[in-house]
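Examining the three-dimensional arrangement
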Amino acid sequence: MEKVILTGDRPTGRLHIGHYVGSLRRRVELQNSGEFDKIFIMIADAQALTDNFDNPEKVRQNILEVALDYLAVGLDPEKSTLFVQSQVPELTELTFYYMNLVTVSRVQRNPTVKAEIQLRNFEASIPVGFFCYPISQASDITAFRATVVPVGEDQEPMLEQCREIVHKFNSVYGETLTMPEIMLPDTKAAMRLPGTDGKAKMSKSLGNCIYLADDAKTVKQKVMNMYTDPQHLKVSDPGHIEGNTVFTYLDVFCRPEHFEKYWPDYKNLDEVKEHYKRGGLGDVKVKKFLLNVMEEELAPIRARRHEFEQNLDYVYDVLKKGCETARERAAETMKDVRHAMRIDYFETDDMLREQKEKYGQN
Ligand code: TRP
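What comes next is a walk through the structure. No experiment lies behind these values; they were computed from the predicted model shown. (Residues numbered from 1 in each chain as written. Predicted model: local features only at pLDDT ≥ 70, side-chain atom pairs only at ≥ 80, totals over all residues. Heavy atoms only, no water.)

Here we look at the packing of helix 1 (residues 17-33) against helix 16 (residues 283-309)
Convention followed: Axis geometry follows a simple rule: fit a line to the C-alpha atoms, using only the stretch in contact for helices, then measure angles between N-to-C directions, giving values from 0 to 180 degrees. Here a helix means four or more residues in a row that DSSP labels H or I, a strand means two or more in a row labelled E, and each is numbered from the N terminus. Angular relationships are summarised with four words: roughly parallel below 35 degrees, roughly antiparallel beyond 145, roughly perpendicular across 65 to 115, and oblique for the angles in between. Between two residues, a contact is recorded if the distance between any of their heavy atoms is within 4.5 Å. Residue polarity is assigned by list, with Asp, Glu, Lys and Arg as charged and Ala, Val, Leu, Ile, Met, Phe, Trp, Tyr, Cys and Pro as nonpolar; anything else, Gly included, falls into the polar class.
Between helix 1 and helix 16, the shortest axis-to-axis distance is 13 Å and the interhelical angle comes to 85°. Judged by the angle between their axes, helix 1 and helix 16 are roughly perpendicular. The segment helix 1 lies against helix 16, with Ile-17, Tyr-20 and Arg-25 engaging Met-294, Glu-297, Leu-298 and Ile-301. Residues of the contact of helix 1 with helix 16, tallied by class, amount to five nonpolar, no polar and two charged.

This is the structure in structure tokens:
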């Protein structure tokens, strides 16, 4: 069977290192593994509009920003199709038919939807479009006949809902849709990077992000101001590792070879942690090391982003071509769906023939 990846991001802001660690880094590995026949990476603008319908300019402003981030981390248009959701109208069409296969109470039980309704104070008046976005997400996945959907753990309920829709569709209309599998991030540390303020989630509204587009000076400032252990006041005080953002980041970014290069006083991260816990190791030293370690990964991304920023015509063209490729793929699925649902009236003249027979004409 064909191995196909589909995944994407809402373009409500530039992408940050939380996105990078949680998903982008993995996507690039998967892309370069050569194990997949097709890879589709979607800028989910239609989904972004479900809770930003009154701010389309924000969404528009971020289409090319996200594309720049994609290219900067190493997504390669030769290997992955980068496209924009709204430019594939088949996705909306599919959503309309999938709506018949899902109950209101089922969507209401979707934990991600529940959480987002609270977050947005939608309780009393949930826009129908927003309410239906899990169904639309099932269209995104199935339209491309994705077999693998690499996403963060917060998207698990969406995949579950999608799988139910596939199951339902296939049992009602016959085997048509491909059943997708979720692919979660591989290590616990990579699952979710906290904000620089120590809050669980890195998010634009909290102002605690490090963006892929941030320059070296900004990253330095953000790292040097990072939340650590509030009880670690003097260097000689014993320090705590748990909940200490600097160490959480080190768990994610640091590799053994970094010590020889940037901090030969220690052999590995465990030694640093032991010293910190014992007391006698100051935050500034650890932060400087973290900065070096992070910069090793972020500097090349920043440099590539800068190159693409000087070449926006190319970026624009990549997206435009990607949308055409994506649309062809979705249209093929739509054709199968129309056939399965018996609404392919004009593909053949079967309907006409049947009607004629009914009326005794041959
Ligand atoms: N909901 C995803 C997010 O918020 C974005 C998304 C939209 C997506 N459609 C998708 C992810 C389909 C994977 C598959 O990040």
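Still more to cover.
Some points on helix 4 (residues 63-73)
Applied cut-off: Exposure categories follow from relative accessible area, calculated using a 1.4 Å probe and restricted to protein chains: below 20% of the type maximum is buried, above 50% is exposed, and the middle band is partly exposed.
Among the 11 residues that make up helix 4, nine are buried, leaving the element largely enclosed by the rest of the structure. Buried within helix 4 are the following residues: Ile-63, Val-66, Ala-67, Leu-68, Asp-69, Tyr-70, Leu-71, Ala-72 and Val-73. Where helix 4 terminates, the next one or two residues include Gly-74, which has phi positive at roughly 115°.

Some details on a negative patch on the surface
Condition: Patch definition: residues with relative accessible area over 30% and no salt bridge; like charges joined within 9 Å; nonpolar side chains (Val, Leu, Ile, Met, Phe, Trp, Tyr) joined within 5 Å. Residue burial considers only the protein chains on display, and all accessible areas are found by Shrake-Rupley using a 1.4 Å probe. Salt bridge criterion: a side-chain nitrogen from Lys or Arg within 4 Å of a carboxyl oxygen from Asp or Glu. A positive count includes Lys and Arg, and a negative count includes Asp and Glu. His and the chain ends are not counted in either. Every charge is mapped onto a representative atom, which is NZ of Lys, CZ of Arg, CG of Asp or CD of Glu.
Taken together, the side chains of Glu-153, Asp-154, Glu-156 and Glu-160 make up a negatively charged region of the molecular surface. Inspection of the secondary structure assignment puts Glu-160 in helix 10 (residues 156-173). A residue is classified by how much of its surface remains accessible, and Glu-160, at 42% relative accessible area, is partly exposed.

Overview of the site of the ligand
Our working definition: One heavy atom suffices: a residue is near a molecule or strand as soon as one of its heavy atoms comes within 4 Å of it. Two N or O atoms form a polar contact when they lie within 3.5 Å of each other; inside protein one atom must be a possible hydrogen donor and the other a possible acceptor, and for residues adjacent in sequence the pair counts only when both atoms belong to side chains.
Close contacts around the ligand come from 13 residues, with Met-42, Gln-47, Gln-137, Asp-140 and Gln-155 the closest. Between the ligand and Arg-10 there is a distance of 3.3 Å, counted from an oxygen atom to a side-chain nitrogen or oxygen. Relative to its free-state accessible area of 370 Å², the ligand is covered by the protein chains to the extent of 89%. Where the shell around the ligand is concerned, the elements lending two or more residues are strand 1 (4-9) and helix 9 (133-143).

Focus: the environment of Ala-138
Relative to the assigned elements, Ala-138 resides in helix 9. The class of Ala-138 is buried, set by a relative accessible area of 0%. When the C-alpha atoms of Ala-138 and Arg-342 are compared, they prove to be 21 Å apart, with 204 residues separating the residues in sequence. Sequence-distant contacts of Ala-138, that is, excluding residues within four places in its chain, are made with Tyr-98, Cys-162 and Ile-165.

Quick look at the pairing of strand 2 (residues 38-43)
One face of the sheet, then the other: side chains in a regular strand alternate in exactly this way. Convention followed: A pair of strands is considered paired only if DSSP assigns at least 2 bridges between the two. Note on handedness: a crossover is taken as right-handed if, strands pointing away from the viewer, the path from the first strand over the helix to the second is clockwise.
Counting buried positions along strand 2 gives five out of six residues, so the element sits mostly inside the fold. Sheet analysis places strand 1 next to strand 2, joined by six bridges and oriented parallel. Bridge pairing in strand 2 links Thr-7 to Ile-41. Handedness of the β-α-β unit built from strand 1, helix 1 and strand 2 comes out right-handed. Judged from the four bridges that link them, strand 2 and strand 3 (residues 81-84) form a sheet pairing that is parallel. Its bridge partner lying in strand 3, Met-42 is registered against Phe-83.

Here's the deal with the pattern of salt bridges
Going through the model one piece at a time under the given rule, you end up with 31 salt bridges. Salt-bridge contacts for Arg-329 lead to Glu-2; the nearest nitrogen and oxygen are separated by 3.2 Å. Of the two residues, Arg-329 sits in helix 17 (residues 312-340) while Glu-2 sits in the segment before strand 1, which places them 327 residues apart along the sequence. In this structure, the salt-bridge partner of Glu-164 is Arg-106, at a minimum N-O distance of 2.8 Å. Of the two residues, Glu-164 sits in helix 10 while Arg-106 sits in helix 6 (residues 104-108), which places them 58 residues apart along the sequence. Take Arg-106: its relative accessible area is 13%, and that puts it in the buried class. A network of salt bridges, in which partner residues are shared, links Arg-25, Arg-255, Glu-257, Lys-261, Glu-296 and Glu-297.

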